[in-house]
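One-letter residues, chain by chain:
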Amino acid sequence: MNSILFVCLGNICRSPLAEGVLQHKIDAAGLTTRFVLDSAGCGGWHAGEPPDRRSIAVAARHGVAIDTQTARQLKSDDFDRFDLILGMDRDNVAYLKAQQPRGSKARVALYLEEALGEAKNVPDPYYGTDADFHKVYDVCDRASDALLARLATH
Ligand code: 4NP
(Lines give C-alpha, C1' and ligand atoms only; values in the text may rest on other atoms or scores of the structure.)
Protein backbone atom coordinates (compact mmCIF):
# COMPACT_ATOMS: atom_id res chain seq x y z
CA MET A 1 0.00 0.00 0.00
CA ASN A 2 1.22 3.43 -0.99
CA SER A 3 -0.37 6.45 0.63
CA ILE A 4 0.36 9.85 -0.83
CA LEU A 5 -0.86 13.30 0.21
CA PHE A 6 -0.53 16.20 -2.23
CA VAL A 7 -0.27 19.64 -0.63
CA CYS A 8 -0.51 23.15 -2.09
CA LEU A 9 -1.51 26.48 -0.58
CA GLY A 10 -5.29 26.45 -0.90
CA ASN A 11 -6.13 22.85 -1.96
CA ILE A 12 -8.37 24.13 -4.74
CA CYS A 13 -6.11 24.53 -7.81
CA ARG A 14 -2.93 22.42 -7.96
CA SER A 15 -3.13 19.59 -5.43
CA PRO A 16 -6.66 18.53 -6.51
CA LEU A 17 -5.26 18.10 -10.05
CA ALA A 18 -2.19 16.20 -8.82
CA GLU A 19 -4.44 13.87 -6.82
CA GLY A 20 -7.13 13.51 -9.49
CA VAL A 21 -4.83 12.83 -12.42
CA LEU A 22 -2.82 10.19 -10.56
CA GLN A 23 -5.98 8.57 -9.19
CA HIS A 24 -7.36 8.38 -12.74
CA LYS A 25 -4.22 6.64 -13.99
CA ILE A 26 -4.17 4.27 -10.99
CA ASP A 27 -7.80 3.29 -11.63
CA ALA A 28 -7.16 2.83 -15.37
CA ALA A 29 -4.22 0.55 -14.53
CA GLY A 30 -6.39 -1.59 -12.23
CA LEU A 31 -4.29 -0.64 -9.20
CA THR A 32 -6.98 1.12 -7.15
CA THR A 33 -6.64 -1.08 -4.07
CA ARG A 34 -2.89 -0.49 -3.82
CA PHE A 35 -3.03 3.26 -3.30
CA VAL A 36 -4.59 5.82 -1.00
CA LEU A 37 -4.42 9.38 -2.28
CA ASP A 38 -5.62 12.64 -0.78
CA SER A 39 -4.83 16.34 -0.97
CA ALA A 40 -4.78 19.22 1.49
CA GLY A 41 -3.90 22.89 1.77
CA CYS A 42 -1.35 24.63 3.97
CA GLY A 43 -4.15 27.14 4.57
CA GLY A 44 -7.79 26.50 5.39
CA TRP A 45 -9.44 29.46 3.61
CA HIS A 46 -11.21 27.20 1.11
CA ALA A 47 -11.92 24.23 3.39
CA GLY A 48 -15.21 22.57 2.50
CA GLU A 49 -15.23 23.94 -1.05
CA PRO A 50 -14.91 22.00 -4.30
CA PRO A 51 -11.83 22.63 -6.46
CA ASP A 52 -11.53 25.88 -8.43
CA ARG A 53 -13.86 25.73 -11.47
CA ARG A 54 -10.85 26.21 -13.78
CA SER A 55 -9.15 23.10 -12.36
CA ILE A 56 -12.43 21.16 -12.65
CA ALA A 57 -12.77 22.30 -16.29
CA VAL A 58 -9.25 21.43 -17.43
CA ALA A 59 -9.49 18.01 -15.78
CA ALA A 60 -12.90 17.33 -17.33
CA ARG A 61 -11.52 18.13 -20.79
CA HIS A 62 -9.18 15.18 -20.27
CA GLY A 63 -11.87 12.89 -18.87
CA VAL A 64 -10.73 13.29 -15.26
CA ALA A 65 -13.44 14.10 -12.70
CA ILE A 66 -12.25 16.12 -9.71
CA ASP A 67 -15.51 17.91 -8.89
CA THR A 68 -16.29 15.49 -6.04
CA GLN A 69 -13.18 16.53 -4.09
CA THR A 70 -13.54 18.79 -1.05
CA ALA A 71 -10.76 21.11 0.12
CA ARG A 72 -9.33 20.66 3.59
CA GLN A 73 -6.42 21.99 5.61
CA LEU A 74 -3.35 19.92 6.43
CA LYS A 75 -3.49 18.44 9.94
CA SER A 76 -0.79 17.01 12.16
CA ASP A 77 -1.96 13.39 11.96
CA ASP A 78 -1.47 13.51 8.17
CA PHE A 79 2.22 13.01 8.93
CA ASP A 80 1.43 9.58 10.36
CA ARG A 81 -1.39 8.65 7.98
CA PHE A 82 0.64 9.09 4.76
CA ASP A 83 3.93 7.53 3.64
CA LEU A 84 4.72 10.37 1.28
CA ILE A 85 3.64 14.02 1.39
CA LEU A 86 4.40 16.00 -1.77
CA GLY A 87 4.43 19.80 -1.75
CA MET A 88 3.62 21.44 -5.08
CA ASP A 89 6.17 24.24 -4.55
CA ARG A 90 9.12 25.00 -2.31
CA ASP A 91 7.06 27.19 0.02
CA ASN A 92 4.68 24.27 0.58
CA VAL A 93 7.62 21.95 1.30
CA ALA A 94 9.13 24.44 3.76
CA TYR A 95 5.77 24.72 5.52
CA LEU A 96 5.40 20.93 5.63
CA LYS A 97 8.87 20.48 7.11
CA ALA A 98 8.15 23.12 9.76
CA GLN A 99 4.84 21.45 10.67
CA GLN A 100 6.05 17.83 10.69
CA PRO A 101 5.85 16.34 14.21
CA ARG A 102 9.11 14.83 15.39
CA GLY A 103 9.14 11.06 14.87
CA SER A 104 6.20 10.97 12.43
CA LYS A 105 6.47 8.59 9.50
CA ALA A 106 5.84 10.62 6.36
CA ARG A 107 8.60 11.53 3.95
CA VAL A 108 8.18 15.11 2.67
CA ALA A 109 9.38 15.98 -0.84
CA LEU A 110 8.91 18.47 -3.67
CA TYR A 111 6.37 17.08 -6.16
CA LEU A 112 8.27 17.50 -9.44
CA GLU A 113 11.58 16.52 -7.88
CA GLU A 114 10.08 13.29 -6.58
CA ALA A 115 8.23 12.50 -9.81
CA LEU A 116 10.57 13.72 -12.54
CA GLY A 117 13.85 14.51 -10.84
CA GLU A 118 13.24 18.18 -11.70
CA ALA A 119 13.63 20.41 -8.64
CA LYS A 120 11.01 22.90 -9.85
CA ASN A 121 7.83 24.43 -8.45
CA VAL A 122 4.39 23.95 -9.93
CA PRO A 123 3.52 27.67 -10.14
CA ASP A 124 0.35 28.82 -8.38
CA PRO A 125 -2.25 29.52 -11.11
CA TYR A 126 -4.87 31.08 -8.79
CA TYR A 127 -4.36 34.64 -10.06
CA GLY A 128 -3.44 33.42 -13.56
CA THR A 129 -5.22 32.56 -16.80
CA ASP A 130 -6.80 29.43 -18.21
CA ALA A 131 -3.47 28.79 -19.95
CA ASP A 132 -1.80 28.58 -16.55
CA PHE A 133 -4.29 25.89 -15.52
CA HIS A 134 -3.52 23.98 -18.73
CA LYS A 135 0.17 24.09 -17.83
CA VAL A 136 -0.57 22.74 -14.37
CA TYR A 137 -2.62 19.92 -15.90
CA ASP A 138 0.12 19.02 -18.38
CA VAL A 139 2.84 18.90 -15.74
CA CYS A 140 0.61 16.80 -13.45
CA ASP A 141 -0.02 14.42 -16.35
CA ARG A 142 3.72 13.92 -16.93
CA ALA A 143 4.48 13.69 -13.23
CA SER A 144 1.69 11.17 -12.63
CA ASP A 145 2.96 8.88 -15.39
CA ALA A 146 6.39 8.92 -13.78
CA LEU A 147 5.07 8.40 -10.24
CA LEU A 148 2.86 5.52 -11.32
CA ALA A 149 5.65 3.83 -13.28
CA ARG A 150 7.86 3.94 -10.21
CA LEU A 151 5.28 3.05 -7.58
CA ALA A 152 3.59 0.26 -9.53
CA THR A 153 6.77 -1.78 -9.49
CA HIS A 154 7.04 -1.67 -5.67
P1 4NP B 1 -3.61 26.34 -4.85
O2 4NP B 1 -3.96 27.83 -5.34
O3 4NP B 1 -2.62 26.50 -3.74
O4 4NP B 1 -3.01 25.71 -6.06
O5 4NP B 1 -4.92 25.74 -4.44
C6 4NP B 1 -4.42 28.81 -4.46
C7 4NP B 1 -5.74 28.87 -4.13
C8 4NP B 1 -6.21 29.86 -3.29
C9 4NP B 1 -5.33 30.80 -2.80
C10 4NP B 1 -4.00 30.74 -3.13
C11 4NP B 1 -3.54 29.75 -3.96
N12 4NP B 1 -5.82 31.84 -1.97
O13 4NP B 1 -5.02 32.72 -1.64
O14 4NP B 1 -6.99 31.83 -1.60
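Above this text is the structure in question.
Everything in this summary refers to the structure shown in the same document. Bear in mind the structure is a predicted one, so any value in this text is a computation, not a measurement. All chains use their own residue numbering, which begins from 1 and follows the written sequence. Two thresholds apply to this predicted model, a pLDDT of at least 70 for residue-level local features and 80 or more for giving and counting side-chain atom pairs, whereas whole-chain, interface and lining totals are computed over all residues. The side-chain numbers reported here are obtained from all heavy atoms of the structure, hydrogens and water having been left aside.

### Quick word on the nonpolar core
- The criterion is simple. A nonpolar core is a set of buried Ala, Val, Leu, Ile, Met, Phe, Trp, Tyr and Cys residues joined through side-chain atoms within 4.5 Å. Between buried and exposed lies partly exposed: a residue is buried under 20% and exposed over 50% of the maximum accessible area for its type, with that area taken using a 1.4 Å probe on protein chains only. Of all hydrophobic cores here, the largest spans 31 residues; its most connected members are F6 and Y111.
- When residues of this core are traced back to their parent elements, those giving at least two are β1 (2-8), α1 (14-28), β2 (35-41), α2 (53-61), β3 (84-87), α5 (111-116) and α6 (130-152).
- Elements are defined by DSSP. Helices are runs of H or I of four residues or more, strands are runs of E of two residues or more, and each kind is numbered from the N terminus. Broken down by element, the residue count for this core peaks at 8 residues, all from α6.
- When near neighbours in sequence (up to four residues on either side) are disregarded, Y111 contacts F6, A18, L86, G87, M88, V122, C140, A143, S144 and L147.
- If you look at the next biggest cluster of nonpolar residues, it comprises 13 residues, including A40, F82, V108 and L110. Contacts between residues were defined by any pair of non-hydrogen atoms, one from each residue, lying within 4.5 Å.

### Brief notes about the sheet that holds β2
- Two strands are said to pair when DSSP picks up at least two bridges between them. Pairing within the open sheet is parallel, and its 4 strands lie in the order β2-β1-β3-β4. Each edge of the open sheet is held by one strand with a lone partner, namely β2 and β4 (107-110). Taken over all neighbouring pairs, the strand axes of this sheet differ in orientation by 25° on average, direction set aside.
- Judged from the 7 bridges that link them, β1 and β2 form a sheet pairing that is parallel. From the neighbouring strand, I4 faces β2, where its bridge partner is L37. All axes are obtained by fitting lines to C-alpha atoms, using only the stretch in contact for helices, and the reported angles, taken between N-to-C directions, cover 0 to 180 degrees.

### Considerations on the site of the ligand
- Consider each residue's heavy atoms; a residue with any of them within 4 Å of a molecule or strand counts as near. Taken together, C8, L9, G10, N11, I12, C13, R14, H46, D124 and Y126 make up the full set of residues near the ligand.
- Any N or O atom pair separated by 3.5 Å or less is treated as a polar contact, with the protein-specific requirement of one donor-capable and one acceptor-capable atom, and with residues adjacent in sequence counted only for side-chain atom pairs. The separation between an oxygen atom of the ligand and a polar side-chain atom of R14 is 2.7 Å.
- Contact distances for the ligand include 2.8 Å between an oxygen atom and a side-chain N or O atom of H46.
- Out of a free accessible area of 350 Å², the ligand has 90% covered by protein chains.
- Amino acid classes used here: Ala, Val, Leu, Ile, Met, Phe, Trp, Tyr, Cys and Pro are nonpolar; Asp, Glu, Lys and Arg are charged; the rest, including Gly, are polar. Residue composition of the shell around the ligand, by class: 5 nonpolar, 3 polar and 2 charged. The Shrake-Rupley method, run with a 1.4 Å probe sphere, supplies the accessible areas, and residue values consider only the shown protein chains as cover.

### Quick notes on α6
- What a helix should span is 1.5 Å times the count of its residues minus one. Between its terminal C-alpha atoms α6 stretches 32 Å, which fits the 33 Å expected from 23 residues at 1.5 Å a residue.
- Within α6, the full set of buried residues consists of F133, V136, Y137, V139, C140, A143, S144, L147, L148 and L151.
- In the core, the buried residues of α6 are packed alongside β1, α1, β2, α2, β3 and α5.

### Digging into α2
- R54, S55, V58 and A59 are the residues of α2 that are buried. Projection of α2 onto a plane perpendicular to its axis shows the buried side chains occupying an angular sector of 130°, all on one side. Opposite the buried face of α2, at more than 90 degrees from it, the exposed residues are R53 and R61.
- If you follow the buried residues of α2, they end up packed against α1 and α6.
- Between the side-chain oxygen of the N-cap and the backbone nitrogen of R54 there are 2.8 Å, and the N-cap of α2 in question is D52.
- In the segment just after α2, G63 is the residue with positive phi, at about 75°. What the arc covers is the set of directions going from the helix axis to the C-beta atoms.

### Some remarks on the packing of α2 against α6
- At their nearest, the axes of α2 and α6 sit 10 Å apart, and the two run at 55° to each other. Between α2 and α6, the crossing angle belongs to the class labelled oblique. At the point where α2 passes α6, the crossing takes the right-handed sense. On α6, the residues touching R54, S55, V58, A59 and R61 of α2 are D130, F133, H134 and Y137.
- Split into classes, the residues belonging to the contact of α2 with α6 amount to 4 nonpolar, 2 polar and 3 charged. Orientation categories follow fixed angle ranges, with anything under 35 degrees roughly parallel, anything over 145 roughly antiparallel, 65 to 115 roughly perpendicular, and all other angles oblique. Handedness of a helix crossing follows the sense of rotation of the near helix relative to the far helix, less than a right angle counterclockwise being left-handed and clockwise being right-handed.

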